Amino acid sequence: MKTKKKIVPLRRRITNVKTISVILLCLIALIMSRCAKDRLVSDAIVGKTLSANSPDYFKRLSAIKDRFYSSKFEQKLIANVNQKYSWIPDWEHPSSQVVNDTVSYVFFPLIAYVKENNVTKTVIELGSAHYLIVKNEKEFYKAFYYQAKAPNNSSKLAIDKFTGNLLLTNFENGKSYLLDYVEGKVSQSYQKRKMLALNRESIAFPNKISYWESICHTELKYCTWASDGPTNCNSGTVHIIYSPDCNWPQGNCGSNYSLIDSSEITVCQDQWFPDPPTDPGNGGGGGGGGGEGDFNPVNLSNTITMDPNTRACLESIKNSIVSASQLSVTMANLLKQVHNDNTKAQNAVLALANNPNVSITLGEKTIPYQTKTLPDGTTTVSETHGQTDPITGNIKLNTLTLNEASDMAIAASLIHEMMHAYFVWGANNLSGEEGMAFSDLNRYLFNQEDGTPHPYNYPELGFMQHWQMAETYVNSMAKILVDISVAKGYGASPDTSIGMEEYCRDIFWGSLQQTSGLEPPDAARSKANSEREYKNQAGSTGKKDCL
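Here is a short report on the structure shown in this document. A quick note: this is a predicted structure, and the numbers were derived from the prediction, not measured.

1. Things to note about the overall build of the protein
No. 1: In terms of helices and strands, the protein carries twelve helices and 18 strands.
No. 2: Counting every position in the protein, which comprises 547 residues, the buried fraction comes to 47%.
No. 3: Taking the intrachain contacts of the protein between residues at least 6 apart in sequence as the baseline, contacts between residues at least 24 apart amount to 66%.
No. 4: Of the accessible surface of the protein, which amounts to about 28100 Å², a share of 52% is contributed by carbon and sulfur atoms.

See below:
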């Protein structure tokens with residue numbers, strides 16, 4: 001018996017096909033929409049991740065600093081036993097890294113200070129290191145790098161390729177995390193603890209606190225000791241030493257030690273800290289994965305304005321100085337080479353050029369050269385290339401210098417005067433932690449008895465500023481000039497016996513050796529090379545723009 005095949009009407013078949021097609025189209029559209037949404041979200045996150053290549057990098061660093069002080073986090077960096085000791089972020093030398101493309105970290109070294117008799121002094125930390133770490137520009141952590149058994153308490157802890165422990169304490173909620181590092185990266189044992197923590201979380205009962213949060217707490221106790229005075233190690237400075245078991249470090253570096261800080265912190269080693277950073281000395285991840293270290297010129301705003309009666313070339317030279325400073329600081333951050341002598345003047349220039357609280361006018365005026373007769377009957381000419389007002393910081397370059405000096409010499413004069421302006425501004429306007437850091441770096445600008453800045457009418461003010469310039473900044477001032485010479489295409493050093501960087505130092509030393517009381521390695525050569533540029537003699541770099 002044959003079974004009759006049921007025939008579905010054509011209209012119904014067409015309707016079914018249409019229905020299936022509509023469903024398929026909706027599914028495809030939903031998938032495409034989801035993928036597009038995920039891609040857009042991903043792109044948005046990556047675009048917002050802070051890195052050293054971010055166009056608004058320095059602006060966002062400034063916002064981090066503002067939030068730190070507005071949240072009064074500096075109060076959490078004061079020792080709890082002896083409050084004369086505190087730690088202050090080194091805002092001038094940050095480093096940054098990006099983890100997994102979407103998580104940013106900024107590291108600010110924490111510098112230890114002690115304040116006695118109204119004088120603040122830097123203290124050297126041995127066997128451990130403190131940092132302020134900011135995650136995604138909003139999570140602030142006190143980072144404490146240490147080793148359970150410090151191999152040497154008479155030297156600083158090596159952070160590059162760090163092996164040891166990192167204790168992270170959140171400033172806002174007090175939550176602490178303990179991480180293990182080997183050669184600058186999170187250890188394999190810590191990676192395994194991540195899986196353990198996640199597995200335990202997955203079996204926790206609904207609406208219950210997770211397993212490791214409830215039963216695996218650990219008390220971490222440690223003490224910090226400070227020497228009672230300068231020690232026999234590291235140039236005779238005061239030291240602080242971390243002790244994981246609170247044992248008194250007797251006789252270390254030939255000094256007695258007193259307790260200044262102690263902590264009992266609840267941590268949980270099974271609690272995972274998401275996307276942990278590498279150590280701040282690790283070269284990887286600092287640039288965020290893109291670019292060749294391009295820099296963005298500083299927005300000059302109106303912080304250094306031009307006198308309308310001065311020649312236009314002066315503004316161009318000023319901009320060259322600021323751009324060269326910006327490039328040096330940016331590259332130093334990218335290469336993790338910020339703790340050296342090559343960016344001090346650059347940071348000073350940027351403190352003036354990108355600071356809404358600074359208002360300086362740059363102009364020119366005629367300052368006659370002075371002829372002096374020496375005791376032996378010979379004469380010498382004293383030239384003043386520029387002047388900086390000791391109250392306002394306004395700068396005037398000598399019209400005579402602008403008329404005859406090479407462009408390189410004019411740039412050197414402007415860098416020199418900008419340093420004077422920086423000294424005036426910093427000594428009279430910075431306060432709190434910034435003021436202490438400034439006075440520590442520029443000690444000749446302050447009265448060593450009471451720590452107050454020398455007043456504007458102090459007879460030796462100019463001499464002390466020149467001494468500070470020669471001792472602390474001359475190398476980095478020369479580096480600015482070298483970068484300008486490269487940008488201008490000046491080529492090799494006019495003095496074939498030395499390189500361009502040493503030649504640029506000579507240009508500064510030509511006048512500093514007369515005004516600072518200090519002498520360069522080769523005083524006669526410095527004087528000759530400086531005169532070559534200031535008199536635009538044969539063989540100088542030449543006069544091109546500032547005619």
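2. Side note on the sheet that holds strand β18 (residues 395-398)
No. 1: The strand order across the open sheet formed by four strands is β13-β14-β18-β17, and the pairing between neighbours is mixed. Pairing within the sheet leaves two strands with one partner each, and these edge strands are β13 (304-306) and β17 (386-388). Taken over all neighbouring pairs, the strand axes of this sheet differ in orientation by 25° on average, direction set aside.
No. 2: Against the sheet, helix α8 (residues 407-429) touches β13, β14 (360-365), β17 and β18, its axis set at about 150° to β18.

3. Quick notes on the packing of α8 against helix α11 (residues 500-515)
No. 1: Where α8 meets α11, the closest approach of the two axes is 11 Å, and the angle between their N-to-C directions is 60°. Regarding the angle of α8 to α11, the classification is oblique. Remark: the crossing between α8 and α11 carries right-handed chirality. On α11, the residues that touch M408, A412, I415 and H416 of α8 are M500, C504, I507, F508, S511 and L512.
No. 2: Classifying every residue of the contact of α8 with α11 by side-chain character gives eight nonpolar, two polar and no charged.

4. Let's talk about α11
No. 1: Across its 16 residues, α11 extends 24 Å between first and last C-alpha, which sits within 8% of the 22 Å expected from 1.5 Å per residue.
No. 2: Looking only at α11, the buried set comprises M500, Y503, C504, D506, I507, F508, W509, G510, S511, L512 and Q513.
No. 3: Looking at the buried positions of α11, the neighbouring elements they touch are α8, α10 (461-488) and α12 (523-534).
No. 4: Two residues or fewer after α11 comes G517, characterised by a positive phi angle close to 80°.

5. Considerations on the pattern of salt bridges
No. 1: Counted according to the given criterion, the structure contains 13 salt bridges.
No. 2: Note that K535 and E404 form a salt bridge whose closest N and O atoms lie 3.2 Å from each other. On the criterion of sequence distance, the pair formed by K535 in the segment after α12 and E404 in helix α7 (residues 399-404) is long-range, its members being 131 residues apart.
No. 3: You can call K535 partly exposed: its relative accessible area is 34%.
No. 4: Here E404 falls in the partly exposed class, since its relative accessible area comes to 27%.
No. 5: The shortest N-O distance in the salt bridge between E502 and R525 comes to 3.1 Å. Residue E502 is found in helix α11, and its partner R525 is found in helix α12; the two are separated by 23 residues along the sequence.
No. 6: Taken together, the shared-partner salt bridges connect D56, R60 and E137 into one network.

Criteria and cut-off values
- Residues numbered from 1 in each chain as written.
- Predicted model: local features only at pLDDT ≥ 70, side-chain atom pairs only at ≥ 80, totals over all residues.
- Heavy atoms only, no water.
- Helix = DSSP H or I, 4+ residues; strand = E, 2+ residues; numbered from the N terminus.
- Buried < 20%, exposed > 50% of the residue type's maximum accessible area, 1.4 Å probe, protein only.
- Contact = heavy atoms within 4.5 Å.
- Areas by Shrake-Rupley, 256 points an atom, 1.4 Å probe, with all protein chains shown as cover.
- Pairing = 2+ DSSP bridges.
- Axes fitted to C-alpha atoms, helices over the stretch in contact; angles between N-to-C directions.
- Parallel < 35°, antiparallel > 145°, perpendicular 65-115°, else oblique.
- Left-handed = near helix turned anticlockwise from the far one by under 90°.
- Nonpolar A, V, L, I, M, F, W, Y, C, P; charged D, E, K, R; others polar.
- Expected span 1.5 Å × (residues − 1).
- Salt bridge = Lys/Arg side-chain N within 4 Å of Asp/Glu carboxyl O.

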